[in-house]
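# Examination of the molecular architecture
Now for the letters of each chain:
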Amino acid sequence: MKNILFVASEAVPFIKTGGLADVVGSLPKYFNKDKYDVRVIIPKYTCLLSEYLEKMVYKTHFYIDLAWRTQYVGIFELEYEGILFYFIDNEFYFSGSKPYGYIHEDIEKFAFFSKAVLSAIPTIGFKPDIIHCNDWQTGLVPVYLKERFASGEFFQGVKSIMTIHNLKFQGIWDLKKVRDITGLADSYFTPDKLEAYNDANFLKGGIIYADYITTVSSSYAEEIQTSFYGEGLDGLMRSRSNSLFGIVNGLDYTEYNPETDTRIGFNFNQITFRKEKWKNKIALQKELSLDVDKNKFMIGIVSRLTDQKGFDLIAYVMDQICAEDVQLVILGTGDEKYENMFRHYDWKYNNRVSSNIYYSEEMSHKIYASCDAFLMPSLFEPCGLSQLMSLRYGTVPIVRETGGLKDTVEPYNEYENSGTGFSFTNYNAHEMLRIIDYAKNIYYKKKREWNKIIDRGMLTDCSWNLSAKKYEELYEKLLEEI
Ligand code: ADP
Ligand code: GLC
C-alpha cells in the first residue's frame, strides 16, 4: 500500500473558489483502493460549510515556530465519501468571510499552512510516500521538506509532487518580508531558488524543490514552456521539462450526472436528451424571466469573471453575440468591469440576456443542463472543468484552442462527421464571433448534425478513470527513483 497525502487550499464539498476544489475533492476517490491510501489536508477556514464544521472531529493540537512567531496548530478529521480529510485549525489565519484573496495576508497564511502540514504529519499516524502539493499556496511544502523535515528520520525518502493548476498565481511578495515570515535562511532567496525578479515566489520554490511537477493538461504543460504562457517562469519550466508532466483533469461522474442530478428538473442521458433536455431550458427561461421558447439558441457561461476567461473578447462583440435569435445566460462573479458589463446587457436585452452575478452550485447545474452551447473563449486555460461539465450535460462547448480546452474539445468537422464542439485558434473577437455564428447555423439549420455532436460529446469519457491511472503510473515512477 502506498500512502499519498494531497495538500491544497480548497476541496469540495467543504470550500470552493474554482476548479482546484473540484479536483482535490474528487481525484482522491478514483485511485485503486487496494494499492493507494490517499488522504487530503486543507485549512479549517471558519467559512467552511457549517454542516461539515459541525461534523469534523478534533484530533490533537500543538505549537509551531514560524520564524519568531509561535503559532497554534489544531488538527481535525472527517471522512467523506471514503476519503479521510484533515483540517488545520488556526483562527488567526483561517477566519474571515472568504478563504483567501488578499495577497498581503495570504503569504503568511500559507507559509504557516505549509509548515503546519509537515509538522502535523507525524502526529496523525499516516506516513506519506508522496506529498502531492497543489498551486502556490502549498509551494513552500517541498521547500520546508527539503530544508528541515527531510533530515529527520520520519521524513526519510518522502517524495513530493507540485501540481500547477494555474501558473498565473505564484504567491509573490517582498523578499525581506518573506524571509521574516518563513524563517528560511538567506541562501534560499537567490534566483536559482525562491527569488524571481527581485521578489520571493512561493510557487517557484515548489517547482524547484518538488521531485516532479505536473500540470492539468498536456497542452498547458507545453505552453508554459513558452514566454506567452510562461508567466515569467518559462525558462524554469523548460529547465525542469524532464520532470514536468501534463495530466488532464477529470470530472466527478457521480456529482455531475445528468441522469441522477437532483439540482435539475428533468433528468436525461445520452439516449433521452432529445426528448428531455429542452424541458430544462423552458424551466430556466421561466425562472430567469427570459422569453419562453424551446427553439431559441441558448448560450451559457459559468465562470470566474476575469481576463483569463476571455471576457474582453466577449465585451468587444457583445452586441453581435446578443442577436435576436440567441439567448445568453451568465453565472459568475469577479472583476467589476465584467460584472457591470453583463448587468448592462441584461438591462439592454432583457428578454434574451440573463446575468446572474453570484455564486450558486445549483444554478450552475441548471445552466449546464439547459443550454444548447457553452461559451469559454479563454486567453489561457490550464485545463478547465466547465467545458467537461457541458459535454457531460449535452451542451456543446464553444472554446478557444488553448490548454485543456484544446485537449478536451474536438472541433466539429462537418465533412467527417466528427467533433464534440466548436473552436477557434486566435485570440480575436471576430474569429470567436464567426465560430459562434457557425455553431448557431448548425443548430438552427442542421438539427440532426447538432444532435450528433451532442451524442459524441456525451459519449466522451471525461471521468477521472484514465487520468487517475496516469497519476498512479507517475507515483510508481517517482517511487522507483532513488
Ligand atoms: P477555474 O478553476 O479557472 O475557475 P474551471 O473550469 O476549472 O475554472 O472550474 C470552475 C469551476 O467553478 C466549475 O466547477 C464551475 O462550474 C464553477 N463556477 C465558476 N463560477 C461559478 C459560479 N458563479 N457559481 C457556481 N459555480 C461556479
Ligand atoms: C485552475 C485553472 C483551470 C483548471 C483548474 C483545476 O483554476 O484555471 O483551468 O481546470 O485549476 O485544475
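Residues numbered from 1 in each chain as written. Chains lettered and ligands numbered in written order. Predicted model: local features only at pLDDT ≥ 70, side-chain atom pairs only at ≥ 80, totals over all residues. Heavy atoms only, no water.

Among soluble globular proteins, nonpolar side chains are generally buried collectively. Ranked by size, the top nonpolar core spans 167 residues in total, and within it Ile88, Ile314, Phe342, Phe422 and Trp450 carry the most contacts. Broken down by element, this core gets its largest block of residues, nine residues, from helix α4 (residues 103–120). A domain split of this core shows at least three residues from each of domain 1 (2–250 + 465–480) and domain 2 (273–461). With residues near it in sequence (within four places) discarded, isoleucine 88 still touches Ile41, Ile42, Pro43, Lys44, Val73, Gly74, Phe94, Phe112, Phe113, Ala116, Val117 and Ala120. (Core = buried A, V, L, I, M, F, W, Y, C linked by side-chain atoms within 4.5 Å. Buried < 20%, exposed > 50% of the residue type's maximum accessible area, 1.4 Å probe, protein only. Helix = DSSP H or I, 4+ residues; strand = E, 2+ residues; numbered from the N terminus. Domains from an automatic or database assignment. Contact = heavy atoms within 4.5 Å.)

Taken together, 23 residues lie around ligand 1, and Gly19, Arg304, Lys309, Tyr368 and Leu385 are the ones closest in. Between an oxygen atom of ligand 1 and a side-chain N or O atom of lysine 309, the distance comes to 2.8 Å. The backbone of leucine 385 places a nitrogen or oxygen atom 2.8 Å from an oxygen atom of ligand 1. In the complex, the protein chains occlude 93% of the 570 Å² of accessible area that ligand 1 would expose alone. Taken together, the elements giving at least two residues each to the shell around ligand 1 come down to α1 (19–26), β13 (297–305), β14 (326–334), α14 (361–370) and α15 (386–392). Among the elements that take part in the shell around ligand 1, β13 stands out by supplying three residues, more than any other. (Near = heavy atom within 4 Å. Polar contact = N/O pair within 3.5 Å; in protein donor to acceptor, adjacent residues only side chain to side chain. Areas by Shrake-Rupley, 256 points an atom, 1.4 Å probe, with all protein chains shown as cover.)

The subject of this paragraph is the site of ligand 2. In the vicinity of ligand 2 lie 14 residues, with His165, Asn249, Glu381, Cys383 and Gly384 positioned nearest. The contact in question runs from an oxygen atom of ligand 2 to an N or O atom on the side chain of glutamine 308, over 3.1 Å. Note that an oxygen atom of ligand 2 is positioned 2.5 Å from one of the side-chain N or O atoms of glutamate 381. Protein chains shield 93% of the accessible area of ligand 2, which is 310 Å² for the free molecule. Broken down by element, the shell around ligand 2 gets its largest block of residues, three residues, from α1. Looking at the shell around ligand 2, its residues break down into six nonpolar, six polar and two charged. No fewer than three residues from each of domain 1 (2–250 + 465–480) and domain 2 (273–461) sit in the shell around ligand 2. (Nonpolar A, V, L, I, M, F, W, Y, C, P; charged D, E, K, R; others polar.)

We now examine the sheet that holds strand β5 (residues 83–89). If you trace the nine strands from one edge of the open sheet to the other, you get β3-β4-β5-β2-β1-β6-β7-β11-β12, paired in mixed fashion. In this open sheet, the two edge strands, each paired with only one partner strand, are β3 (57–66) and β12 (244–246). Neighbour to neighbour, the strand axes of the sheet diverge by 25° on average, direction disregarded. As paired elements, β3 and strand β4 (residues 69–80) share nine bridges and run antiparallel to each other. (Pairing = 2+ DSSP bridges. Axes fitted to C-alpha atoms, helices over the stretch in contact; angles between N-to-C directions.)

This part is about helix α7 (residues 202–209). In terms of burial, α7 is a largely internal element, seven of the eight residues being buried. Listed in full, the buried residues belonging to α7 are Phe202, Leu203, Lys204, Gly205, Gly206, Ile207 and Tyr209. Capping the start of α7, asparagine 201 holds a side-chain oxygen 3.1 Å from the backbone nitrogen of leucine 203, two or three residues further along.

A separate point is the domain arrangement of the protein. The domains assigned to the protein are domain 1 (2–250 + 465–480) and domain 2 (273–461). Relative to domain 2, the C-alpha centre of domain 1 lies at a distance of 33 Å. Tallying the contact residues gives 21 residues for domain 1 and 19 residues for domain 2. Summing both partners gives a buried area of about 1400 Å² for domain 1 against domain 2, and 56% of it is carried by carbon and sulfur. Contact with domain 2 buries area across many residues of domain 1, yet Lys16, Ser219 and Tyr229 alone supply 25% of it, more than any other trio. Along the contact surface separating domain 1 from domain 2 lie one salt bridge. Its salt-bridge partner being lysine 16, residue glutamate 361 comes within 3.3 Å of it at the nearest N-O pair. Viewed at the interface, domain 2 and domain 1 are joined by ten residue pairs in polar contact (both at pLDDT 80 or more). Looking at the side of domain 1 that touches domain 2, the elements with two or more residues in it are α1 and α8 (218–223). Considering each element in turn, the side of domain 1 that touches domain 2 owes the most residues, four residues, to α8. (Buried area = accessible area lost by both parts, 1.4 Å probe. Salt bridge = Lys/Arg side-chain N within 4 Å of Asp/Glu carboxyl O.)

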